[in-house]
Amino acid sequence: MIKILVSLVMVTMLGGAGGVTYLYDKYGDDLPDYTALANYAPAITTRVLAGDGRLMAEYAIEQRVYVPIEAIPQRVRNAFLSAEDKSFYTHPGVDFVGLFRAVLMNLKNYGSGRRPVGASTITQQVAKNFLLTSEVSIERKIKEAILAFRIEDAFTKDHILELYLNEIYLGFGSYGVAAASLNYFNKSLAELTIGEVAFLAALPKAPNNYNPIKKPAAAKVRRDWVVDRMLEDGHITAEEAEAAKAEPIIVRERDETQVVHNGEFFSEEVRRQLAAQYGEEALYKGGMYVRTTLDPRLQTIATKALRQGLMDYDRRHGWRGPVTSIGDVQNWTTLLPDIPVSPGAPEDWRLAVILRLDKDEAKVGTADGYGGSIPMKEMAWARPWIEGQRFGNPPKAPSDVLEVGDVVLVEPMLKDDKGKDFPAGTYGLRQMPDVEGALVAMDPHTGRVLAMVGGFSPKRSEFNRATQAKRQPGSSFKPFVYLAALDHGYTPATIILDAPFVYDPGPGQPLWKPKNYEGQFYGPSTLRMGVEKSRNLMTVRLANAVGMDVVAEYAEKFGVVKTMPRFLAASLGAVETTVMDLTTAYAMLVNGGRRISPTLLDRIQDRTGRTIYRHDQRDCDACQAVQWTGQGLPEIPDDREIMTDPLSAYQMVSILQGVVQRGTGARVQAVGKSVAGKTGTSNDSFDTWFMGFSPDLVCGVFVGFDVPRSLGSHEAGSTAAAPIFTAFMKEALADKPDIPFRAPNGIKFVRVDRTTGQRSSTKDNSIIEAFKPGTVPSVASASYVIDGSAVPMGDYGTFQPGTEPQTGGFPGPAGAGSAQPGGFGGGAAPSAGGLY
């Protein structure tokens, strides 16, 4: 009834000059400022894209993609004009003919139960949507009409139509025609068919009434009505109209090839950074276009490798029991579907209830009502878990593991280890790992983060262990102790004493007595051996010889920690860092010692396309050329800070390659390509790491419990983290050639004895060692043992950033840490009363 009254009043009041004057005097002075529409800046969706352009995430209060009128196809414009306001380009803001027609129609239909016909023009709808409320009243309609006249005087018809088509709500969370086109049909506006265009044009009046999923019949009727209006207005032919009506309305989700999966941790970190840098308003309304560094292929590999590694660890430590139990097994088909699957469980895992236990298998029922079985072989891993990450005896029968009524997670088994198909309905027993971890993969030359996984699943926990968890790196910190030594005149062949070491921290404090992981002492050994075999005692002695101030300086400038404590235990990794920070530090080893900053973002553009952030800040005018005209390749200056002597960096890379070839990282040889790295295990195996790299890809892995506790007495970086690194790098590099690590100019390669560090003429027990100029040991040179028990006295050939690398000599008797001549086997005796 209100629409009929409004229509009558409008016709009556606007019919005469006196009425018009009265309305303008009464309502025209206190209206919103319509001139603001000239600078219309609606809330637009911020879109986050992977490195290959695929969509990762969208952030918006109103999901809108703004499209200028010139980019909106004429077919789309015509459909909305036919459906909403066919006289738009001829009326002055209010369609008096249409208004009179609506009055007659509403009077004719009065009492019939039919929905009253409206007469608002597109201009009036713009006035209401932008400047007024949706209040149903005569006063609001009068204000709407007055504003419509003023808007028509101030703006072109195209501008008004552009405002309308970008502002209108069309259901499915879509604001504007471009967002609706994507959300309903996964198409750009130019790709829409006549039937699809007509459907979108049918939605403005009441999107929920024409939901194609919930109300398909009503949606088709309304869509066909718009098609008829388009035909009547001459926008389409009869044949096109017939074909459009025959089209089914099919809602299409985003294609799999257009969306990045497994990137939740990455996109959430991007969201946090954008909110911190630009604010929530810009993030959710600003329409930023964000190009990230993520490589979807590597992200998928990383997610799979980390999840499998965590599950493998978890299975090694036994079965913790069922998800829950059902007492009334007879009604399992009713009860089981109501039990939720564990958050974060892999998509192909499902819940099953144990119905019967046989000698060699357990019979199960699944939530879909079907049955199956778990063979004994698929639960042989399920030894009972014991406090302290210990486990009991292997099960001999299903009854050792399960009871009737137990609800457990299972995974469909398709093929066995030999590739033979399992019988249908065969499942493997599974459990959600309670351990967590993180993986970061990075381009070491640019700092671009190519993959990042912050845990087993973001559905289980959104906490990102790659960037938010500070954990002790253990021995994966040691390379920076040894790098400091290499920059201060030591060589990979320098001999360091591996013997008991006792430190007295002062009155009332217990003596500190570090020990090697194996609990043994190996006497004088090369610096290289200290890293390859991860010798704690050698590291402590070397750190004391070089000086903890120097070690701390390197840890801080490489970004491992912000502030490094100056106590010797810190040299063994008794500090806290993140996977992201430590991965970045390792990247600066393999890239030759150049400073990089880790980034998840390549470029950010604002709603107008203007670049507001770019990670690569190097100037390159020649890079702006739009086409090739025979010019040479642009030369981009590399003005990054030199963090360490490039020769020292290469020596450390060579030593870390030895960790894989002969040391604690030997399992990583399964990668099958040139890789280097270092294991890390904190006290009592609370934190386990493997940090490593190929020449062009660096990867850091952490495994540990969120609430720190031991991973088990037999777990270490080599068993918990290294397999994850290996799985990731093996697949990531599968289609890449085996590239050797790049040696800088000046490195001298000399064959030396692995044990003594002296030059060797035989291949027996020898390696090719990397030396700086002037540091190659002579054939007859004496061996000096770095005892590390005296106060640091200086260095030899110190590298100063910003200068040319120095070529100091081999530390001698007067050098740092009481270097003493000595042999091998027993080594030099510790100084009486000194540090051991």
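About the thresholds
Residues numbered from 1 in each chain as written. Predicted model: local features only at pLDDT ≥ 70, side-chain atom pairs only at ≥ 80, totals over all residues. Heavy atoms only, no water. Helix = DSSP H or I, 4+ residues; strand = E, 2+ residues; numbered from the N terminus. Buried < 20%, exposed > 50% of the residue type's maximum accessible area, 1.4 Å probe, protein only. Contact = heavy atoms within 4.5 Å. Areas by Shrake-Rupley, 256 points an atom, 1.4 Å probe, with all protein chains shown as cover. Disulfide = S-S within 2.5 Å. Core = buried A, V, L, I, M, F, W, Y, C linked by side-chain atoms within 4.5 Å. Pairing = 2+ DSSP bridges. Axes fitted to C-alpha atoms, helices over the stretch in contact; angles between N-to-C directions. Phe/Tyr/Trp six-rings, centres within 6.5 Å; stacked < 30°, edge-to-face > 60°. Lys NZ or Arg CZ within 6 Å of the ring centre and 35° of its normal. Salt bridge = Lys/Arg side-chain N within 4 Å of Asp/Glu carboxyl O. Parallel < 35°, antiparallel > 145°, perpendicular 65-115°, else oblique. Left-handed = near helix turned anticlockwise from the far one by under 90°. Polar contact = N/O pair within 3.5 Å; in protein donor to acceptor, adjacent residues only side chain to side chain. pLDDT = per-residue confidence, 0-100.

### As for the overall build of the protein chain
So, point 1. For the protein chain, the helix and strand inventory stands at 22 helices and 26 strands.
So, point 2. Burial analysis of the protein chain (836 residues in total) assigns 52% to the buried set.
So, point 3. Look at the contacts in the protein chain between residues 6 or more apart in sequence, and 69% of them connect residues 24 or more apart.
So, point 4. Here the protein chain has roughly 37400 Å² of accessible surface; of this, 52% comes from carbon and sulfur atoms.

### Quick look at the state of the cysteines
So, point 1. Enumeration according to the criterion identifies one disulfide in this entry.
So, point 2. One disulfide in the model links Cys620 with Cys623; its S-S distance is 2.0 Å. Between Cys620 and Cys623, the S-S torsion sits near 75 degrees, and that sign places the bridge as right-handed.
So, point 3. Cys623 gets classed as partly exposed once you look at its relative accessible area, which sits at 39%.

### Observations regarding the nonpolar core
So, point 1. Grouped together as the largest cluster of nonpolar side chains are 86 residues, with contacts concentrated most on Leu527, Phe558, Met564, Tyr586, Leu656 and Phe693.
So, point 2. The leading source of residues in this core is helix α20 (residues 579-590), at nine residues.
So, point 3. Sequence-distant contacts of Leu656, defined by excluding residues within four places in its chain, comprise Pro479, Val531, Tyr586, Leu589, Ala676, Gly677, Lys678 and Phe693.
So, point 4. Of all hydrophobic cores here, the second largest spans 53 residues; its members include Ala83, Val126, Leu163 and Ala219.

### Section: the sheet that holds strand β19 (residues 611-614)
So, point 1. With mixed pairing, five strands are arranged side by side in an open sheet as β2-β1-β5-β18-β19. Because the sheet does not close on itself, it has two edges, and the strands there are β2 (55-59) and β19. Mean inter-strand twist for the sheet, computed between neighbouring axes without regard to direction, equals 15 degrees.
So, point 2. Sheet topology note: the strand β1 (residues 46-49)/β2 ladder contains four bridges and is antiparallel. Along β2, the bridge assignment pairs Thr46 with Tyr59.

### Regarding unusual backbone geometry
So, point 1. If you check the backbone angles, Asp684 has positive phi at about 60 degrees while not being a glycine.
So, point 2. Turning to its location among the elements, Asp684 is positioned in the loop between β20 (676-681) and β21 (687-694).
So, point 3. Judged by relative accessible area, Asp684 falls into the exposed class, the value being 61%.

### Some words on the packing of aromatic side chains
So, point 1. Taken as a whole, this structure holds 21 aromatic pairs when the rule is applied.
So, point 2. Note on Tyr184 and Phe199: the rings are 5.3 Å apart at their centroids and 75 degrees apart in plane angle, and the pair reads as edge-to-face. Of this pair, Tyr184 sits in helix α8 (residues 177-185) while Phe199 is found in helix α9 (residues 194-201), placing the two residues 15 residues apart along the sequence.
So, point 3. For Tyr184, a relative accessible area of 1% corresponds to the buried category.
So, point 4. The class of Phe199 is buried, set by a relative accessible area of 1%.
So, point 5. Lying across the ring of Phe391, Arg383 places its NZ or CZ 3.8 Å from the centre.
So, point 6. The lysine or arginine in question, Lys557, covers the ring of Tyr554, its NZ or CZ lying 4.2 Å from the ring centre.

### Some points on the sheet that holds β21
So, point 1. Judged by pairing direction, the sheet is antiparallel, and its five strands sit side by side in the order β15-β14-β22-β21-β20 without closing on themselves. Two strands in the sheet have a free side with no partner beyond their single neighbour: β15 (449-453) and β20. Pairs of neighbouring strands in the sheet enclose a mean axial angle of 5 degrees, with direction left out of account.
So, point 2. Across six bridges, the pairing between β20 and β21 is antiparallel. Within β21, the residue paired with Thr681 across the bridge is Thr688.
So, point 3. Seen against the sheet, helix α14 (residues 296-316) touches β14 (436-442), β15 and β22 (697-704) and runs at an angle of roughly 30 degrees to β15.

### Here's the deal with the pattern of salt bridges
So, point 1. Enumeration over the complete set of coordinates arrives at 46 salt bridges.
So, point 2. Measuring nitrogen to oxygen at the nearest pair gives 3.0 Å for the salt bridge that ties Glu196 to Lys187.
So, point 3. Its relative accessible area of 7% is what places Glu196 among the buried residues.
So, point 4. The residue Arg528 makes a salt bridge to Glu532 at a minimum N-O spacing of 3.0 Å. One end of the pair, Arg528, and the other, Glu532, are both in helix α17 (residues 527-532), four residues apart, so they sit about a helical turn from each other.
So, point 5. Glu532 gets classed as buried once you look at its relative accessible area, which sits at 1%.
So, point 6. Ionic contacts of the salt-bridge type, sharing partners, join the residues Arg528, Glu532, Arg662, Arg754 and Glu769 into one network.

### Focus on the packing of α14 against helix α22 (residues 717-732)
So, point 1. The geometry of α14 relative to α22 is characterised by a closest axis approach of 9 Å and an angle of 150 degrees between their N-to-C directions. As far as their axial angle goes, α22 and α14 are roughly antiparallel. For the pair α14 and α22, the crossing hand works out as right-handed. Residues Arg297, Leu298, Ile301, Ala302, Lys304, Ala305, Leu306, Gly309, Leu310 and Arg316 of α14 pack against Thr719, Ala720, Ile724, Ala727, Phe728, Glu731 and Ala732 of α22.

### Some thoughts on the environment of Pro340
So, point 1. Mapped onto the fold, Pro340 is located in the loop between α15 (332-335) and β7 (350-357).
So, point 2. Separated by 17 residues in the primary sequence, Pro340 and Val323 have C-alpha atoms spaced 9.8 Å apart.

### Some details on the side chain of Arg528
So, point 1. By relative accessible area, Arg528 is classed as buried at 4%.
So, point 2. A distance of 2.8 Å separates a polar atom in the side chain of Arg528 from a polar atom in the side chain of Ser654.

### Brief notes about the pairing of strand β12 (residues 406-412)
So, point 1. Within β12, six of the seven residues are buried, leaving the element largely enclosed by the surrounding structure.
So, point 2. The pairing of β7 with β12 spans four bridges and is antiparallel. Residue pairing for β12: Leu351 is matched across the bridge by Leu409.

### Section: the confidence of the model for the protein chain
So, point 1. In the predicted model, the protein chain carries a mean pLDDT of 88, and 87% of its residues have values of at least 70.
So, point 2. A low-confidence stretch, residues 801-836 stays under pLDDT 50, and its non-local contacts, those more than four residues away or across chains, total 92 contacts.

### Focus on the pairing of strand β8 (residues 361-366)
So, point 1. Summarising the sheet, β7 and β8 pair through five bridges and their orientation is antiparallel. Counted as the bridge partner of Ala352 is Thr366 from β8.
So, point 2. Hairpin geometry of β7 and β8 is characterised by an intervening segment of three residues between the two adjacent antiparallel strands.
So, point 3. As paired elements, β8 and strand β9 (residues 371-375) share five bridges and run antiparallel to each other. Residue pairing for β9: Lys363 is matched across the bridge by Ser373.
So, point 4. Where β8 folds back onto β9 in an antiparallel hairpin, the turn is made up of four residues, including Gly369, whose phi is positive at roughly 95 degrees.

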